[in-house]
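Coordinate analysis (summary)
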Amino acid sequence: MNTGENIYRLRTEANLTRERFAESCGVSVQAVQKWESGATVPDLANAVKIAKYFGVTVDSLVFGRDLRKAEANPAEMKPDYGNLPQGETYYGLLDLEFTQATEEGLDLERYRDLFAAAAALPQGEVKKRIGDALFLAVCNAELREGYAYREPSDYEEILPLCEGGAEKRELDSSVAEERIAGAWTGRICGCMLGKTVEGMRTDELIPLLKETGNYPMHRYIRRAEMTEEIYAKYRYGLKARAFVDDAEGMPADDDTNYLVLAQMITEKFGKDFTPYDVLSTWAVTQPKSAYWTAEQIAYCNFVKGYYPPETAKFQNPYREWIGAQIRGDYYGYIHAGDPRAAAEAAFRDASISHIKNGIYGEMFVAAMIAEAAVERDLEKIIGAGLAQIPRTSRLHAAVSGVLADFRAGVSAREAFAKVHRAFDEFTPHGWCHVIANAMIVCCALLYGKGDYGKSVCLAVETGYDTDCNGATVGSVLGMRNGIGGIGAEWTEPIGDVLYTEILGRSRVSIKECVKKTLEHLRKK
């Protein structure tokens, strides 16, 4: 296409007559006719004038390259907001941010309508800028007058608010392998039980269990019992889910990925690993897609140059979700009998992605598991976990309430119903919040009365984050009861195979993981 053809195309696509175009360029109509016919070409001054008028480069006007627009100015480049995953963008989660910040006790009432209006805007530069401004408002907000809780995120501030609990007790070396094997296996089997229905709400989960003869839940859900009619009946995409009878071993899952990652971190950096050690390991061992919610935000913040604990705090509305609570088990394993040390290690891990109760959830679980290695009384095991988190926190109050109800004779049905009344499973925030899921874990432990199968099934059939809660309950009881306390109906389908999404460790031996854990346990 020559210069004349380019001028003709630009003019006609702009719906300009020759007369109007000639007037705009300060030339005669005859000059425009000659340009477009190819009889003459505009001189340099007119070529610059024409290119500027249409917003193209002189190069594109003369030679036809990059015809539609001038070269982009890097300072004016913007991302394609429509293609950015909303779950990774702060401005795409403004409704969640308002809920989360309000639950933390921040006084944001004056911004309520602005949060709602901004959340309704389409993805784009305007919404991003408003989101950034609202983030500043959250950072500068004061606690509401009369807020009942004190919930620091700094370990030195957390410690004085904890009861402390009993002194360290040594795990008998003669049962150490039995307990550690039970903890690994219990976590993996509990995770598999809940993995098939992770994300399924109870309005479909309970009917599915009843339809397959598995209610009250007492076994794995298997693909062999599914039919096309069952697949079609439920909104939840059952056909695409992982079932225990699909293949050998435990399929990859973030709950078990973190267990293997924690072992790798301990092997490389020792028990005194730092939060930076954790995040730097994450960055080189798994893709971003292996992380979810708060962990994915922390991962993205880290690669953008933020460091812990800022990775947890910068534009992270998921900061009190369950993510950290599912990462603390290994620190309970390698600090068996020492809940305080387990909780402190869990704090270092949790602080990269969570604050306040999000951190406490991981400390609570790690401490319970450490205590379960040397204690059989389930109330004392839960109490050991509570002793390592602030007694002034919402998590402490919620779990204490579960214990009080159990001691008062409240039924299991009512105990789980209380969770459903307090946290709406049909909202992502209610479904995935650390407190709701910690309450389910404790209810399952107490009302399951130490029976592995009954307890993990209670955790899963209640809904919410089923694979996480099944895994945590299984880990606590696996440590308490040992591998011999887990029936063959749970262990045989898994065998010794665990798959992960970790680079270079896509398939690992559970027995080898147990062996390495014992080495870490013995190290000071």
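Just so it is clear, the model here is predicted, and its values are computed rather than measured.

1. A word on the overall build of the protein chain
Tallying secondary structure elements over the protein chain gives 28 helices and two strands in all. Taking the principal axes of its C-alpha atoms as reference, the protein chain extends roughly 100 × 55 × 45 Å. Buried residues in the protein chain amount to 55% of all 524 residues. Within the protein chain, contacts between residues separated by at least 24 positions form 73% of all contacts whose residues are at least 6 apart in sequence. With the model as given, the accessible surface of the protein chain reaches about 22,500 Å², and the carbon-plus-sulfur share is 52%.

2. Side note on the side chain of D255
Looking at the element boundaries, D255 is found in helix α13 (residues 254–269). Apart from the residues within four sequence positions on either side, D255 is in contact with R187, C191, I326, D467, C468 and A471.

3. Thoughts on helix α2 (residues 18–25)
Three or more residues of α2 are buried, namely F21, A22 and C25. One face of α2 carries all of its buried residues, which in axial projection span an arc of 100°. α2 presents R20 and E23 as exposed residues on the side facing more than 90 degrees away from its buried surface. Close packing links the buried residues of α2 with α1 (3–13), α3 (29–37) and α4 (44–54). Positive phi appears at G26, one or two residues downstream of α2, with a value of about 75°.

4. Remarks on the packing of aromatic side chains
Tallied over the full model, the rule gives 25 aromatic pairs. Considering the side-chain rings of Y147 and Y149, the 5.5 Å spacing of their centres and the 70° angle between planes classify their relative orientation as edge-to-face. According to the relative accessible area criterion, Y147 is buried, its value standing at 19%. For Y149, a relative accessible area of 31% gives the class partly exposed. Geometrically, the ring pair formed by W184 and Y330 is edge-to-face, given 6.3 Å between the ring centres and 75° between the ring planes.

5. A few points about the pattern of salt bridges
Pairing between side chains becomes possible if they bear opposite charge and their charged atoms approach one another. By the definition in use, this model includes 36 salt bridges. Several salt bridges converge on common partners, so that one network encompasses E97, E104, R319 and K356.

6. Observations concerning the packing of helix α22 (residues 412–422) against helix α24 (residues 434–448)
Viewed as axis vectors pointing N to C, α22 and α24 meet at an angle of 175°, and their least axial separation amounts to 9 Å. If you check the angle between α22 and α24, you find them roughly antiparallel. Every residue of α24 that contacts α22 at A412, A415, F416 and V419 is listed here: A436, M439, I440, C443, A444 and Y447.

7. Overview of helix α18 (residues 339–350)
In this model α18 runs 16 Å from its N-terminal to its C-terminal C-alpha over twelve residues, within 8% of the 16 Å that 1.5 Å per residue would give. By the criterion of burial, α18 is predominantly enclosed, with nine of the twelve residues buried. Among all positions in α18, only P339, A342, A343, A345, A346, F347, R348, D349 and A350 are buried. Lining the buried residues of α18 we find α9 (155–158), α14 (275–285), α17 (329–334), α19 (356–372) and α20 (378–386).

8. What to know about the packing of α19 against helix α26 (residues 466–481)
Relative to each other, α19 and α26 sit at 25°, their axes nearing to 7 Å. With respect to α26, the element α19 is oriented roughly parallel. The residues of α26 that touch α19, namely those facing V365, M368, I369 and A372, are T472, S475, V476, M479 and R480. Taken together, the residues of the contact of α19 with α26 sort by class into six nonpolar, two polar and one charged.

9. What to know about the nonpolar core
Judged by nonpolar contacts, the single largest core of 132 residues is most densely connected at W184, L238 and F364. The leading source of residues in this core is α24, at 13 residues. Excluding residues that lie within four positions of it along the chain, L238 makes contacts with T196, M200, L208, R223, M226, I230, Y231 and F243. Within the second largest apolar cluster, 14 residues are counted, among which are L16, C25, V32 and I50.

10. With respect to unusual backbone geometry
That bond from Y215 to P216 is cis: its omega, -5°, falls within 30 degrees of zero. Residue placement: P216 occurs in the loop between α11 (202–211) and α12 (228–233). The step from P308 to P309 runs through a cis peptide bond, and the omega angle for that step is 5°. When you line up the elements, P309 lands in the loop between α15 (293–303) and α16 (310–313). Even without a glycine there, the phi angle at N15 is positive, about 60°. Mapped onto the fold, N15 is located in the loop between α1 and α2. Residue N15 is classed as exposed on the basis of its relative accessible area, which comes to 71%. For K449, which is not glycine, the phi dihedral falls at a positive 55°.

Reading the values: the criteria
- Residues numbered from 1 in each chain as written.
- Predicted model: local features only at pLDDT ≥ 70, side-chain atom pairs only at ≥ 80, totals over all residues.
- Heavy atoms only, no water.
- Helix = DSSP H or I, 4+ residues; strand = E, 2+ residues; numbered from the N terminus.
- Buried < 20%, exposed > 50% of the residue type's maximum accessible area, 1.4 Å probe, protein only.
- Contact = heavy atoms within 4.5 Å.
- Areas by Shrake-Rupley, 256 points an atom, 1.4 Å probe, with all protein chains shown as cover.
- Arc of directions from axis to C-beta.
- Phe/Tyr/Trp six-rings, centres within 6.5 Å; stacked < 30°, edge-to-face > 60°.
- Salt bridge = Lys/Arg side-chain N within 4 Å of Asp/Glu carboxyl O.
- Axes fitted to C-alpha atoms, helices over the stretch in contact; angles between N-to-C directions.
- Parallel < 35°, antiparallel > 145°, perpendicular 65-115°, else oblique.
- Expected span 1.5 Å × (residues − 1).
- Nonpolar A, V, L, I, M, F, W, Y, C, P; charged D, E, K, R; others polar.
- Core = buried A, V, L, I, M, F, W, Y, C linked by side-chain atoms within 4.5 Å.

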